[in-house]
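# Structure assessment
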Amino acid sequence: MSSRRRSIAILAAALAICGLSAIPRGASWRATGAIQPRLSPDGSTVAVSYQGAIWRLPRDGGVMKRLTSDARWDSDPAWSPDGKRIAYLSNGELRLIDAESGVAAAAHPAVQGKIEFDPAGKRILGSFRAGTATALAWLDLESGKAVPLLDPPRSLPVHALSADGTTVAFATNLDVPGEQGGNDGPQADLWTVAATGGEPRKLARFPSRVFDLAWSGDGLVVVSDLGGAHNALWAVSLKDPDHPLKLTFGQGDEDAPTIVNSRLVYTDNREGATALVDRDLRTGDERTIVVTGLDFGRPAGVVAVEFTDAETGKPVVARVSIQEENGKTLAPPGSLYRIHEAMDFYADRAAEFVLPAGKYALRAWHGPEYRVSREAFEVAAGERVTLKVEFKRWAHPQANGWHSGENHIHANYGYGHWYNSPADMRLMIEGEGLEVANFVVANSDTDGIFDREYFRGRPDPLSTPETVLYWNEEFRATLWGHMTLIDLKQLVEPIMTGFKETTNPWDVPTNSDIADQAHLQKGHVNYTHAAQNVKDPYLSAYSAKSVPVDVALGKIDSIDINGSFEATVPLWYRLLNCGFHLPASAGTDCFLNRIRSRLPGADRAYVKCEGGFSYDAWVRGLKWGRSFVTNGPILEFESGRSIRLEAPGAEVIKASVQSPEPIDRFELVQNGEVVATGKLAADKLSGTIDEKIELKRSGWLSVRAFAGRLQAHASPIYVEVGGKPAGSMVEAGAFLAWIDRLEEQFKRRDRAPNDEVRKHVASQLEAAREVYRKIAARSE
């Protein structure tokens, strides 16, 4: 905990002893983490969502007062025209409260998204259920009936109502269902339509994505990533909409504009958490709104928590959730809070902050190898409660040489709330007990490349012997699929292909070409989120359509089998049945600047590291196939080993599993078929396999475990009998048809600059076909 935050907590405790309900004036924050600001009709007060509650504070700065306190997630506040009520969204409901006291006024069904009152205060514009679909609609507060704004009804999350209530502006993008975002161009169309409905009028085509809108006099303020990787505010004049003017130039994201008369308030996350910035549109002068206190509406106390490893006694980083009985979950101001089972934050060995007096439940995590720690406590007004939380292991795979890591973490990615630094990433990774964290430099929908500034071509300087942070790359192709490239010394350019109207609109270089560039610098090439559609793994916008080609050409070192186990594992089995050696890996594809996203290492690959743990040893072990992938169970298996027999015979296969939850099945798989089941302990928290298996033909063996929602799968042992490589005529034939399908789509898209490039792609596809023809021939 920083000395600044500790001093704040001490001051808060002193004030609480006096029976007051707010953190003292001596404590102040620029960046609290408040989001979605909305100015009151007179421009004097800002309503925000903060840690899942609705708060209000003076636009000039000062004490922030909490208005909602029940156990729900409250967001998207909107002021009534008279300033007496605030509407907001709460777990799928539209709620109204008294703007001063927070007393509930009414509730209606709703969905998540921006909401706005009409000038009469009788209707609210937002995304509501109208008939069988959700659409931008007017909700009549008296009748509860929602009437769509447009005919036919449309879902339009980016919209804004003019101050006089006569006109609605909205934005649409060029994305097509079933295709990747940005495939057809990053631009957004800006429209206006009468608030009474009618035919929309196209205002302009904005050059990049639009994420939010606000009216400003005779124009709009637009949130966009135009020209870079992060959001900024742009002024769009209704008289000259084709020449937008950039208003903000921060390091992170400027977002969520709210405007009353000449005052603009927006969020700025350059300090990590969001700060609120107040700008005078007439002069351009702006300042950060400083919060000098938190008023919970009742007396407060202080909780101080320390976190240690029960076995070693050493302090550890923890992920923490502290929830009031029947109330909100709270975190220290400035925390990069996120939602998982509940709202949580990361504490660097200790945490200390003010809570309103009451009863609380604490849950703390230190990665999946430790049991969840739980504590119940009570904070009285003016008191300081001290807790010591110990984490106890249920598994210790490192003792057997297994070390955890993953290949697909986004530190900062489009549409996020926070701006993460390597220091933030170290905290999150240590808090999840993840030893190798491969972050990825990547684009999303446009030319903007996220986190390029953190790439070093080596582990980040904040890495430790136990925790390695390495910024690598996700290569994103809208046709071929996505690969994560790890252990890079240089970024492989271009970082994306096939994004229309960007600097890389072509479907070349191919994924095989990019893999070659990674291998030239001795990097590791990994396919990520390969399949999502169980019935047809080729389908879905983000599937790895080129994976059979690139595996056949020997370009791929491993494949992530997590994400959609149900779709990806069968595809992986089919490739293994063709005789390819393809280790299993994992990548969560999490977005750590967003309030809602997965945990880093929620799925992870454990790799057997020969000679002790290091980043190089982990990558080398993954390439050799000494790995298993899991979101819970821990396996022990000779992954990556080869068995060679001169003639059909038998081999004893041994494996074991541990799990934090009861095991449903522990299975030995041969060439995709279950050939043995493990013996489970009485408590079903462990199991063993010790079976003699007949090996009549070449192929592979592996183990997998299922424990409710948890599962684990090992990379294979490879089997060769009689000197004949493994192969499957059925799977080879299916992949030949797959390649034909891919080539047809490539031709239909027509995103190659010339015939020479088309011939190059065709030669790769034909070379892969020849591999599968040989597999089919030897399998007859």
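Our structure's up above, just so we're on the same page.
In this text, all values refer to a predicted model and were calculated from it rather than measured experimentally. (Residues numbered from 1 in each chain as written. Predicted model: local features only at pLDDT ≥ 70, side-chain atom pairs only at ≥ 80, totals over all residues. Heavy atoms only, no water.)

## A few points about the overall build of the protein
Put simply, the test is: Secondary structure counts use DSSP, requiring at least four H or I residues in a row for a helix and at least two E residues in a row for a strand, with both numbered from the N terminus. Both definitions apply: the radius of gyration is a C-alpha atom measure, and the globule rule equals 2.2 Å times residues to the power 0.38. To sort residues, take the accessible area from a 1.4 Å probe on protein chains only and compare it with the maximum for the residue type: under 20% means buried, over 50% means exposed, and anything in between is partly exposed. Throughout, a contact is declared for two residues whenever any of their heavy atoms are within 4.5 Å. All accessible areas in this document rest on Shrake-Rupley with a 1.4 Å probe, and a residue is counted as covered only by the protein chains that are shown. When charges are counted, Lys and Arg are positive and Asp and Glu negative, with His and the chain ends excluded. Charge placement uses NZ in Lys and CZ in Arg. For Asp and Glu, CG and CD serve respectively.
Each helix and strand in the protein was counted, giving eight helices and 56 strands. Against the 2.2 N^0.38 benchmark of 28 Å for 780 residues, the protein shows a C-alpha radius of gyration of 28 Å, consistent with a compact globule. For the C-alpha atoms alone, the extent of the protein along its principal axes is close to 85 × 65 × 50 Å. Taken across its 780 residues, the protein has 61% of its residues classed as buried. Considering only contacts within the protein whose residues lie at least 6 apart along the sequence, 62% involve residues at least 24 apart. For the protein, the exposed surface amounts to about 29900 Å²; the carbon and sulfur share of it is 50%. Looking at the protein, you have 88 positive and 100 negative side-chain charges, and the mean spots of the two groups are 1 Å apart.

## Remarks on the sheet that holds strand S7 (residues 93–98)
Worth spelling out the cut-off: By the convention used here, strands pair only if DSSP detects at least 2 bridges between them. Working convention: axes come from line fits to C-alpha atoms, limited for helices to the stretch in contact. Angles between N-to-C directions cover 0 to 180 degrees.
Read from one edge of the open sheet, four strands run S5-S6-S7-S8, paired in antiparallel fashion. For this open sheet the edge positions go to strand S5 (74–79) and strand S8 (104–109), each flanked by a neighbour on one side alone. For this sheet, the mean inter-axis angle between neighbouring strands, taken without regard to orientation, is 25°.

## Describing the pairing of strand S25 (residues 291–295)
Most of S25 sits inside the fold, with five of its five residues counted as buried. Of the strand pairs in this sheet, strand S4 (residues 62–66) and S25 are connected by four bridges, and their pairing is parallel. Each bridged residue has a counterpart across the sheet, and for methionine 64 the counterpart in S25 is leucine 294.

## Topic: the sheet that holds strand S3 (residues 53–58)
The mixed open sheet is built from five strands, whose spatial order is S1-S2-S3-S4-S25. Every interior strand has two partners, whereas the edge strands, strand S1 (35–39) and S25, have only one. This sheet shows a mean twist of 25° between the axes of neighbouring strands, independent of strand direction. As paired elements, strand S2 (residues 45–50) and S3 share six bridges and run antiparallel to each other. Opposite tyrosine 50, over in S3, you have alanine 53 as the bridge partner.

## Notes on the pairing of strand S36 (residues 436–443)
For S36, the buried fraction is high: eight of the eight residues fall into the buried class. The sheet contact formed by strand S35 (residues 402–410) and S36 spans three bridges and is parallel. Bridge pairing in S36 links glutamate 406 to alanine 437. Sheet analysis places S36 next to strand S38 (residues 468–477), joined by six bridges and oriented parallel. Bridging across to S38, valine 441 finds its partner in glutamate 473. Strand direction decides the pairing type here: S36 and strand S37 (residues 449–450), joined by two bridges, are antiparallel. For asparagine 443, the partnering residue across the bridge sits in S37 and is isoleucine 449. Where S36 folds back on S37, the antiparallel hairpin that results is connected by five residues.

## A closer look at unusual backbone geometry
Between aspartate 151 and the following residue, proline 152, the backbone shows a cis peptide bond with an omega angle of 0°. Of note, proline 152 is situated in the loop between strand S12 (146–148) and strand S13 (159–161). Residue proline 509 is reached from valine 508 by a cis peptide bond, and omega for that bond is 0°. By the element assignment, proline 509 lies in the loop between strand S40 (496–497) and helix H3 (511–520). Even without being glycine, arginine 349 reaches a positive phi, approximately 75°. Looking at where arginine 349 falls in the secondary structure, it is placed in the loop between strand S30 (343–348) and strand S31 (350–356).

## Points about the packing of aromatic side chains
Let me state the cut-off plainly: Centres within 6.5 Å are what make two rings of Phe, Tyr or Trp a pair, Trp counting through its six-membered ring; a difference in plane orientation under 30 degrees is then read as stacked, over 60 as edge-to-face, and the rest as tilted. Criterion for a charge above a ring: Arg CZ or Lys NZ at most 6 Å from the ring centre, at most 35 degrees from the ring normal.
Counted under the stated rule, the structure contains 26 aromatic pairs. Each ring, one from tyrosine 337 and one from tryptophan 418, has its centre 5.0 Å from the other, and the planes form 70°; the classification is edge-to-face. Taken together, the residues tyrosine 337 in the loop between strand S28 (329–330) and strand S29 (338–339) and tryptophan 418 in the loop between S35 and helix H2 (422–431) connect sequence positions 81 residues apart. Residue class for tyrosine 337 comes out buried when judged on its relative accessible area of 0%. On the numbers, 5.9 Å between centres and 55° between planes, the contact of phenylalanine 735 with tryptophan 738 is tilted. One end of the pair, phenylalanine 735, and the other, tryptophan 738, are both in helix H7 (residues 729–749), three residues apart, so they sit about a helical turn from each other. Judged by relative accessible area, which is 0%, phenylalanine 735 ranks as buried. Judged by its relative accessible area of 7%, tryptophan 738 is buried. Grouped by ring-pair contacts, the aromatic residues Tyr50, Trp55, Trp73, Phe296, Tyr337 and Trp418 constitute a single cluster. In this structure, lysine 545 packs its charged tip against the face of tyrosine 538, placed 5.4 Å from the ring centre. Just above the ring of phenylalanine 706 sits the side chain of arginine 665; from NZ or CZ to the centre is 4.0 Å.

## Here's the deal with the pattern of salt bridges
Test applied: Salt bridge criterion: a side-chain nitrogen from Lys or Arg within 4 Å of a carboxyl oxygen from Asp or Glu.
Within this structure, the stated rule accounts for 59 salt bridges. We note a salt bridge from arginine 751 to aspartate 184, for which the minimum N-O separation is 3.7 Å. Residue arginine 751 is found in the loop between H7 and helix H8 (755–778), and its partner aspartate 184 is found in the loop between strand S14 (167–173) and strand S15 (188–194); the two are separated by 567 residues along the sequence. A relative accessible area of 12% means that arginine 751 is categorised as buried. For aspartate 189, the salt bridge identified is with arginine 205, shortest N-O distance 2.7 Å. Of this pair, aspartate 189 sits in strand S15 while arginine 205 sits in strand S16 (residues 201–206), and the two are 16 residues apart along the sequence. Using a relative accessible area of 42% as the deciding quantity, one classes arginine 205 as partly exposed. Linked by salt bridges that have partners in common, Arg59, Asp60, Arg263, Asp278, Asp280, Arg282 and Arg287 make up one network.

## Side note on the side chain of arginine 66
Among the structural elements, arginine 66 can be located in strand S4. As a buried residue without a salt bridge, arginine 66 has its nearest oppositely charged side chain in glutamate 324, at a separation of 4.2 Å. Here arginine 66 is in contact with Ala53, Ile54, Trp55, Asp295, Phe296, Arg298, Glu324, Lys328, Leu330 and Pro356, once residues within four sequence places are set aside.

## Quick look at the side chain of threonine 467
Mapped onto the secondary structure, threonine 467 falls in the loop between S37 and S38. With a relative accessible area of 8%, threonine 467 lands in the buried category. Beyond its immediate stretch of four places on either side in the chain, threonine 467 contacts Ile429, Glu430, Leu434 and Glu435.

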